[in-house]
Amino acid sequence: MKNIFTVNRHLTQRLGFTAITLMAVATVIPIIAVVIYIFAQGFPAISVEFISGFPHDGMRAGGILPAIIGTLYLTIGTAIFSVPLGIAAAIYLSEYASDTPLTRTIRIAIINLAGIPSVVYGLFGLGLFVLFLKFGTSILAASLTLSIMTLPVIISTAEESLRSVPQAFRTVSISLGATRWQTIRRIVLKEALPGILTGVILGLERAAGETAPILFTGAAFFLPRLPGSPLDATMALPYHLFVISTQVPEMPLQIQYGTALVLLAFVLTMNLIATVIRSRARAKRQW
Amino acid sequence: MVDKIVIENLSLQYADGVESLRDVSLSVRQNAVTVLFGPAGGGKSTLLRCLNRLNDLTEVKASAGRIMIDGKNILDSKTDVIALRRKVGMVFARPVPLPMSIRENLTYGLELAGEKRRSKLDEAVERSLKLAAIWEEVHNRLDDPAIALSGGQQQRICLARVLALQPEIILLDEPTSGLDPISTGKVEAALVELKKEYTIILVPHSVQQAARTADYAAFFLQGELIEYGEGKSFFTAPKEKRTEDYITGRFG
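## Topic: the overall build of chain B
At step 1: Scanning chain B from terminus to terminus reveals 10 helices and 10 strands.
At step 2: Taken over C-alpha atoms, the radius of gyration comes to 18 Å for chain B, in line with the 18 Å a tight globule of 252 residues would show.
At step 3: Expressed as lengths along the three principal axes of its C-alpha atoms, the size of chain B is roughly 55 × 40 × 35 Å.
At step 4: Split into buried and exposed, the 252 residues of chain B put 45% on the buried side.
At step 5: Considering only residue pairs separated by 6 or more positions, chain B has 70% of its internal contacts joining residues 24 or more positions apart.

## What to know about the overall build of chain A
At step 1: When helices and strands are counted, chain A shows 11 helices and two strands.
At step 2: Reading the secondary structure of chain A in the N-to-C direction produces α-α-β-β-α-α-α-α-α-α-α-α-α.
At step 3: Over its C-alpha trace chain A gives a radius of gyration of 24 Å, far above what one expects of a compact globule, namely 19 Å for 287 residues.
At step 4: Its C-alpha atoms give chain A principal-axis dimensions of about 70 × 65 × 35 Å.
At step 5: Counting all 287 residues of chain A, 39% fall into the buried class.
At step 6: In chain A, of all internal contacts separated by at least 6 residues, the share reaching a separation of at least 24 is 77%.

## Quick look at helix H1 (residues 44–51) of chain B
Residues and elements named next belong to chain B.
At step 1: Buried residues dominate H1, accounting for eight of its eight residues.
At step 2: Along H1, the positions that sit buried rather than exposed are Lys 44, Ser 45, Thr 46, Leu 47, Leu 48, Arg 49, Cys 50 and Leu 51.
At step 3: Phi turns positive, to about 60°, at Arg 53, one or two residues after H1.

## Points about the nonpolar core
At step 1: Counting residues in each nonpolar core, the largest one holds 136 residues, and the members touching the most others are Ala160(B), Leu171(B) and Ala217(B).
At step 2: By residue number, the principal contributor to this core is helix H6 (residues 139–163) of chain A, which donates 14 residues.
At step 3: For Ala160(B), the residues in contact, after removing those within four places along its chain, are Leu106(B), Ser128(B), Leu129(B), Leu131(B), Ala132(B) and Ile134(B).

## With respect to the interface of chain A and chain B
At step 1: Tallying the contact residues gives 16 residues for chain A and 19 residues for chain B.
At step 2: Looking at the side of chain A that touches chain B, the elements with two or more residues in it are helix H7 (167–175) and helix H8 (180–209) of chain A.
At step 3: Tallied by class, the residues present in the side of chain A that touches chain B amount to eight nonpolar, seven polar and one charged.

## Structural notes on unusual backbone geometry
Residue and element names in this part refer to chain B.
At step 1: You will see that Ala 133, though not glycine, has its phi angle at about 55°, which is positive.
At step 2: Summarising the element assignment, Ala 133 is placed in the loop between helix H4 (118–131) and helix H5 (135–138).
At step 3: The phi dihedral of Gln 166 falls on the positive side, at around 50°, and the residue is not glycine.
At step 4: Inspection of the secondary structure puts Gln 166 in the loop between helix H6 (151–163) and strand S7 (169–173).
At step 5: Residue class for Gln 166 comes out partly exposed when judged on the 16 C-beta atoms lying within 10 Å of it.

## Re the packing of H7(A) against H8(A)
Residues and elements named next belong to chain A.
At step 1: Packing of H7 against H8 brings their axes to within 10 Å, and their N-to-C directions diverge by 135°. Considered as vectors, H7 and H8 are oriented oblique to each other. Every pair of crossing elements has a handedness; the one defined by H7 and H8 is right-handed. Counted together, Phe 169, Arg 170, Ser 173 and Ile 174 of H7 and Thr 183, Ile 187 and Val 188 of H8 form the full contact between these two elements.

## So, the confidence of the model for chain A
At step 1: Of all residues in chain A, 98% have pLDDT values of 70 or greater, and the mean over the chain is 91.
At step 2: Here strand S2 (residues 61–62) of chain A stands out as the least confident element of chain A, with mean pLDDT 86; H7(A) is the most confident, with 96.

## Description of the pairing of S7(B)
All names here are of chain B.
At step 1: Counting buried positions along S7 yields five of five residues, so the element is predominantly enclosed.
At step 2: Taking every second residue as pointing to the same face, both faces of S7 are buried, with Ile 169, Leu 171 and Asp 173 on one and Ile 170 and Leu 172 on the other.
At step 3: Bridge count between strand S6 (residues 88–91) and S7: four bridges; the pairing is parallel. Of the residues in S7, the one forming a bridge with Val 91 is Leu 172.
At step 4: Summarising the sheet, S7 and strand S8 (residues 199–203) pair through five bridges and their orientation is parallel.

## Details of the environment of Leu237(A)
All names here are of chain A.
At step 1: When you line up the elements, Leu 237 lands in helix H10 (residues 237–246).
At step 2: By the C-beta count within 10 Å, which is 26 here, Leu 237 ends up buried.
At step 3: The spacing of Leu 237 and Val 262 is 25 residues in sequence and 8.2 Å in space, taken between C-alpha atoms.
At step 4: Leaving out residues up to four positions away in the same chain, Leu 237 has contacts with Ala 67, Ile 68, Thr 71, Thr 259, Val 262, Leu 263 and Phe 266.

## Some words on the sheet that holds S8(B)
Residues and elements named next belong to chain B.
At step 1: With mixed pairing, six strands are arranged side by side in an open sheet as S6-S7-S8-S3-S9-S10. Strands at the two margins of the open sheet, each flanked by one partner only, are S6 and strand S10 (224–230). Along the sheet, successive strands turn relative to each other by an average axial angle of 15°, direction set aside.
At step 2: Here four bridges tie strand S3 (residues 33–37) to strand S9 (residues 216–221), and the two strands are oriented parallel to one another.

## With respect to H7(A)
At step 1: Turning to H7(A), its buried residues number three or more, namely Val172(A), Ser173(A), Ile174(A) and Ser175(A).
At step 2: A positive phi of about 90° marks Gly177(A), the residue just after H7(A).

## Some points on the environment of Val125(B)
At step 1: For Val125(B), the location among the structural elements is in helix H4.
At step 2: The contact partners of Val125(B), leaving out residues within four places of it in the chain, are Arg103(B), Leu106(B), Thr107(B), Leu142(B) and Ala164(B).

## Comments concerning the environment of Pro55(A)
Residues and elements named next belong to chain A.
At step 1: Looking at the secondary structure, you find Pro 55 in strand S1 (residues 55–56).
At step 2: For Pro 55 and Ala 233, which are 178 residues apart along the polypeptide, the C-alpha to C-alpha distance reads 17 Å.
At step 3: Not counting chain neighbours up to four residues away, the residues in contact with Pro 55 comprise Gly 62, Gly 63, Ile 64 and Phe 222.

## Details of the pairing of S9(B)
Residues and elements named next belong to chain B.
At step 1: Counting buried positions along S9 yields five of six residues, so the element is predominantly enclosed.
At step 2: By the bridge criterion, six bridges tie S9 to S10 in an arrangement that is antiparallel. In the strand pairing of S10, Tyr 216 is matched with Glu 230.
At step 3: Once S9 ends, the chain turns through two residues before running back antiparallel as S10, passing Gln 222 with a positive phi of about 45°.

Criteria and thresholds
- Residues numbered from 1 in each chain as written.
- Chains lettered and ligands numbered in written order.
- Predicted model: local features only at pLDDT ≥ 70, side-chain atom pairs only at ≥ 80, totals over all residues.
- Helix = DSSP H or I, 4+ residues; strand = E, 2+ residues; numbered from the N terminus.
- Rg over C-alpha atoms; globule rule 2.2 N^0.38 Å.
- Buried ≥ 20, exposed ≤ 12 C-beta atoms within 10 Å, placed from the backbone.
- Contact = placed C-beta atoms within 7 Å.
- Core = buried A, V, L, I, M, F, W, Y, C linked by C-beta atoms within 7 Å.
- Nonpolar A, V, L, I, M, F, W, Y, C, P; charged D, E, K, R; others polar.
- Axes fitted to C-alpha atoms, helices over the stretch in contact; angles between N-to-C directions.
- Parallel < 35°, antiparallel > 145°, perpendicular 65-115°, else oblique.
- Left-handed = near helix turned anticlockwise from the far one by under 90°.
- pLDDT = per-residue confidence, 0-100.
- Pairing = 2+ DSSP bridges.

The following block contains the structure:
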């Protein structure tokens, strides 16, 4: 009897283990499939002209430079607003805030901010930045809208990495005559920086790939020239992809996939940078 | 001998209601090692953390009494706590090297205090490492990360880091609890040298260490100071029954 039970237990264990392993492997399949498919379909479209030229023939030919530059501008604009604000909020929450009704409200607000659908951000941006503040459909309005969407990601990852810095460092620093701010600046921020940067890049990467928030706030269907000021509208890769996939009849498939490939490369490059920062910091970490 | 610190009727309660110190009065002599010992939860660490106001970081519910250092009540709200902490240095139970090089660990406090001159900083590094009896072991690798050292070396670096600020009082909270006997011996030997210049308050990790190091000893039990006296007689002929029971190992 005893023998049968042990055999069964081993069998169950092995089956369960195999199932879990297969599921883990399965999660990798979609991302690899997407990358390979987009690469295979889009690579033939990639050329110097495609990257550095303007679209022509009703966007059915030519390049996507204005969309690439536009996405770059929007990403930088988003960073300008969301990074300082997000890091400051994270420092407040992790280092200064005690458990009061105010800080509980702030935390709940951040969690809920993360759950709002991106198209709602788009409408909000239209109402507040484009119409009420009269920024018009512009890089400025779109960047602000994307910033609000990105903030929760930056705040929560930055707070997480600040909190992971051992408490003992703070106590020791204070005991050596440092003020709280000196401790944060010289020890805590320095140690948390790689984690914060990773969160920043992941947040910006999401912003770079979003269509809905810029739809009403800054994205242009087609522009014959590059935007000249933050108050100009701009083309952007994700919106351009949407436009040429749904709004332009007789669009060559190759250009659609080429655009998708450029967007994917843009986002994956940011991801790669985040990964490199993280692994290098982990190797250097002294705690 | 001069009384460096005079504690008068100090009581303290944490925010969760736990009473940590009850009406403690104690005078600490200058240039001597005063040992605070007793079972866990007696209030020794809390008392240490009052002396450099590190308790400000914790939520303390109520406190009464005074702590006079050189005649000034440091619990007063007008006290410059930054200056106080430079004057009253602290070594913790677990060595915590800051995530930087050995040299930077030692100059950290001085740089915060505004010292920028390289010569002064170098001088402080060498002087304090020698005082903490670690100079010979690390002088040719001052730019290595402090975390790379052994636990015993790290703890002496932490002691040196406090000494670099040229404090007047040094608080040590079970500084050798994680160290091997050889490292412990080095730290204890350093204390004997250091008391010539500094006032030292030590929470030892054992009764034996208390007996080895104490010029004066104070026995704490559940937040109360039970007995206080000169080290020699304290461990051979304690006056209080409870002190004797603890020293001889009847409880604890």
